[in-house]
Structure formats: C-alpha cells, structure tokens
Amino acid sequence: METSNKTARQIWADIKANPARARFGYGKKAVLVNIDFQCAYTKVDEFKTAYETDPRQIEHVNALARRFRALNWPVVWTHVAYADSAEDAGVWGTRTNTPDSLQNIKHCSRRAAFDDRCEISHGHDLIYCKRMPSPFFETPLQSLLVWHQVDTVVITGGSTSGCVRAAAVDSLSRGYRTIVPEQCVADKHESYHFANLTDLMLKYADIVDVHETLGWLDQLALQA
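Numbers given to residues run from 1 along each chain, matching the order in which its sequence is written. Only residues with pLDDT of at least 70 get local features here, since the model is predicted, and only at 80 or more are side-chain atom pairs given and counted; chain-wide, interface and lining totals rely on the full set of residues. Side-chain numbers come from the whole structure's heavy atoms, not from hydrogens or water.

1. Some words on the nonpolar core
- In terms of nonpolar packing, the biggest core is built from 27 residues, with Leu 141, Leu 145, Ile 155 and Ile 207 touching the most fellow members.
- Those residues in contact with Leu 145 that lie beyond four places of it in its chain are Val 31, Phe 136, Val 150, Val 153 and Tyr 176.
- Core analysis: the second largest hydrophobic core is formed by 24 residues, Phe 37, Cys 118, Val 154 and Trp 216 among them. As used in this record, nonpolar core signifies buried Ala, Val, Leu, Ile, Met, Phe, Trp, Tyr and Cys residues forming a set joined through side-chain atoms within 4.5 Å. Between buried and exposed lies partly exposed: a residue is buried under 20% and exposed over 50% of the maximum accessible area for its type, with that area taken using a 1.4 Å probe on protein chains only. Contacts were defined at the residue level, with two residues in contact if any of their heavy atoms lie within 4.5 Å.

Shown next, in the form of structure tokens:
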C-alpha cells in the first residue's frame with residue numbers, strides 16, 4: 001500500500017489536475033438523479049445530521065434540472081423515510097436509536113421533507129423514497145432508465161461517501177456512463193468527501209465541473 005503525508009483534499013487536487021486522466025464521457029441521453037436533498041441532510045442550522053460543502057449546491061442542481069426538463073429528459077429526486085416501526089430500515093437502523101438516527105426519519109416528518117430551495121416540478125419530476133444507500137435498490141429507477149433509453153446518469157446530492165458513491169457504483173455496474181458534477185455533491189467532513197471524489201474519479205465516474213455539464217446541456221438544446 002502506498003503511503004502519503006498529503007491530505008485527502010491535496011490528493012484530490014493532484015488527481016483532478018492530471019490532464020491525461022481517462023474519461024467515460026457523456027452519452028446521447030441522460031437522467032438527472034438528485035439524491036436526498038431533504039431537510040435532515042441540508043438544513044445545517046436545524047439538524048446535526050445536515051452538511052454543506054458548496055453553498056451554491058442546490059442552486060447548481062436547480063440549474064441542471066431546468067435544462068434536463070427543457071430537453072424532456074427525466075429528473076429524479078430521492079429521499080429516505082421510514083415507517084413508525086422502522087422495520088423497513090432493516091439492520092441498517094439497528095446501530096443507534098436517537099432522534100437523529102437514520103431509521104427515525106419518518107414519513108411526513110420535517111426531516112424527510114425536501115429542502116424548500118429545491119425547485120421540484122411536481123407532476124413532471126419523479127420522486128422516489130428509498131430505504132438503502134443506492135437509488136437503484138428497490139426503486140423504479142432502473143425501469144425508468146430503460147423506458148427513456150438513457151445511457152448516462154448524472155448524480156448530485158449527498159453524501160459523497162455514502163449514497164452518491166453507492167449510486168455511482170450501481171450506475172456503472174448497470175452499464176451507464178456516470179457523471180458527478182463536483183459542486184453538486186456534499187459530505188459531513190472534507191476527508192470523506194475528497195477521498196471519495198478521488199476514488200470515484202479513478203474507478204467509477206467522471207467527476208466534472210458543473211459548468212461543463214451545463215455547457216453540454218446548453219449545446220444539446222441549441223441542436224434540438
């Protein structure tokens with residue numbers, strides 16, 4: 001195993017600065033999967049489970065969503081919520097049992113509610129409640145992607161080290177080009193965030209500047 005005195009942030013900066021890094025690239029049609037933009041994870045002044053990396057994260061995600069809708073491409077928002085019994089959290093909900101515990105995000109609660117800064121187009125966008133890290137697990141997401149004949153999955157949300165990573169691994173495993181705009185993902189601690197950006201870039205996804213993805217979408221809109 002290689003050792004290093006560099007921080008996770010510094011290692012990520014080195015990886016990102018490599019002009020020869022290989023890319024999967026964009027395909028012909030994409031889905032936007034916005035993971036868990038709910039108050040439990042976005043309202044840092046309200047919940048101790050929340051986190052913020054880029055203050056403009058949700059603004060960038062909204063900009064992506066508007067462009068996806070303009071192309072008539074699917075936009076998906078996921079959130080987690082559980083029954084009062086928490087039985088649907090399974091073993092994942094057994095380590096702790098405090099008001100902040102995962103399994104205590106209940107349906108219709110403030111913690112389960114989407115952040116009001118999210119511009120969700122109800123009736124157009126798809127909203128999926130998931131119970132495990134990956135948005136592909138026991139949701140209709142895979143069927144949606146088949147129906148729309150997409151070949152590219154653009155992932156935003158949090159956390160980078162948790163559900164975003166799980167989504168990227170599952171996306172690649174299903175044969176999709178996987179794109180993660182860096183400014184659109186967040187985590188609780190910079191070490192987890194940057195270490196996972198590094199690992200995702202090296203193995204499973206293209207980590208890109210959000211303006212690159214916005215530019216790709218704008219170019220496609222001009223061609224439409």
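2. A word on the packing of aromatic side chains
- Pairs were defined over the aromatic rings of Phe, Tyr and Trp, the Trp ring being its six-membered one, requiring ring centres within 6.5 Å. Orientation was assigned from the angle between planes: stacked under 30 degrees, edge-to-face over 60, tilted for the rest. One pass over the full model with this rule turns up 6 aromatic pairs.
- Residues Tyr 26 and Trp 216 carry aromatic rings whose centres are separated by 4.3 Å and whose planes lie at 20 degrees to one another, so their mutual orientation is stacked. Highlighted residues: Tyr 26 in the loop between α1 (8-16) and β1 (30-35) and Trp 216 in helix α7 (residues 210-223), separated in sequence by 190 residues.
- Between Phe 37 and Trp 77, the ring centres sit 6.1 Å apart and the planes meet at 75 degrees, which makes this aromatic pair edge-to-face. One end of the pair, Phe 37, is in the loop between β1 and α2 (39-42); the other, Trp 77, is in strand β2 (residues 75-80), and 40 residues separate them in sequence.
- On the basis of relative accessible area, Phe 37 is assigned to the buried category, the value being 2%.
- Among the aromatic residues, ring-to-ring pairing joins Tyr 26, Phe 68, Trp 73 and Trp 216 into one connected group. Labels follow the DSSP assignment, with helices taken as runs of H or I lasting at least four residues and strands as runs of E lasting at least two, numbered in each case from the N terminus.

3. Brief notes about helix α5 (residues 160-173)
- Regarding α5, the residues found buried are Thr 160, Cys 163, Val 164, Ala 166, Ala 167, Ala 168 and Ser 171.
- Close packing links the buried residues of α5 with β1, β3 (126-130), β4 (152-158), β5 (177-181), β6 (185-186) and α6 (190-203).
- Positioned one or two residues after α5, Gly 175 has a phi angle of 90 degrees, which is positive.

4. Considering the environment of Gly 175
- Secondary-structure assignment places Gly 175 in the loop between α5 and β5.
- Judged by its relative accessible area of 61%, Gly 175 is exposed.
- Sequence separation between Gly 175 and Val 146 is 29 residues; the distance between their C-alpha atoms is 12 Å.

5. Let's talk about the environment of Glu 2
- Residue position: Glu 2 is located in the segment before α1.
- Distance from Glu 2 to Asp 209, taken between C-alpha atoms, is 28 Å for residues 207 residues apart in sequence.

6. Details of the packing of α1 against α6
- In this analysis an axis means a line fitted to C-alpha atoms, helices contributing only their contacting stretch, and an angle means the value between N-to-C directions, from 0 to 180 degrees. Between α1 and α6, whose axes approach to 8 Å, the crossing angle comes to 30 degrees. Compared by their axis directions, α1 and α6 come out roughly parallel. Remark: the crossing between α1 and α6 carries left-handed chirality. For the pair formed by α1 and α6, the contact residues are Ala 8, Arg 9, Ile 11, Trp 12 and Ile 15 on the first element and Glu 190, Ser 191, Phe 194, Ala 195, Leu 197, Thr 198, Met 201 and Leu 202 on the second.
- When the residues that make up the contact of α1 with α6 are grouped by side-chain class, the tally is 9 nonpolar, 2 polar and 2 charged. Geometric relationships in this document are graded by angle, where less than 35 degrees denotes roughly parallel, more than 145 denotes roughly antiparallel, 65 to 115 denotes roughly perpendicular, and other angles denote oblique. The sense of a crossing depends on the near helix, which, turned anticlockwise from the far helix by less than a right angle, makes the crossing left-handed and, turned clockwise, makes it right-handed. For this classification, the nonpolar set comprises Ala, Val, Leu, Ile, Met, Phe, Trp, Tyr, Cys and Pro, the charged set comprises Asp, Glu, Lys and Arg, and every other residue, Gly included, is treated as polar.

7. Re the environment of Pro 133
- With respect to the helices, strands and loops of the structure, Pro 133 is situated in the loop between β3 and α4 (141-148).
- For Pro 133, a relative accessible area of 26% gives the class partly exposed.
- Here the alpha-carbon distance between Pro 133 and Phe 114, two residues 19 residues apart in the chain, equals 17 Å.
- In this view, Pro 133 contacts Trp 92, Cys 163 and Ala 166; residues no more than four positions away in its chain are not counted.

8. Things to note about the pairing of β4
- The element β4 is extensively covered by neighbouring structure, given that 7 of its 7 residues are classed as buried.
- Of the two faces of β4, the one lined by Thr 152, Val 154, Thr 156 and Gly 158 and the one lined by Val 153, Ile 155 and Gly 157 are each fully buried.
- One ladder, built from 6 bridges, connects β1 with β4; its direction is parallel. In the strand pairing of β4, Ile 35 is matched with Gly 157.
- The pairing of β4 with β5 spans 3 bridges and is classified as parallel. Looking at β5, one finds that Val 154 is bridged to Ile 179.
- Chirality of the crossover, the property in question, places the unit of β4, α5 and β5 among those that are right-handed.
- Pairing of β4 with β6 involves 2 bridges; the strand directions are parallel. What makes two strands pair is DSSP finding at least two bridges between them. Note on handedness: a crossover is taken as right-handed if, strands pointing away from the viewer, the path from the first strand over the helix to the second is clockwise.

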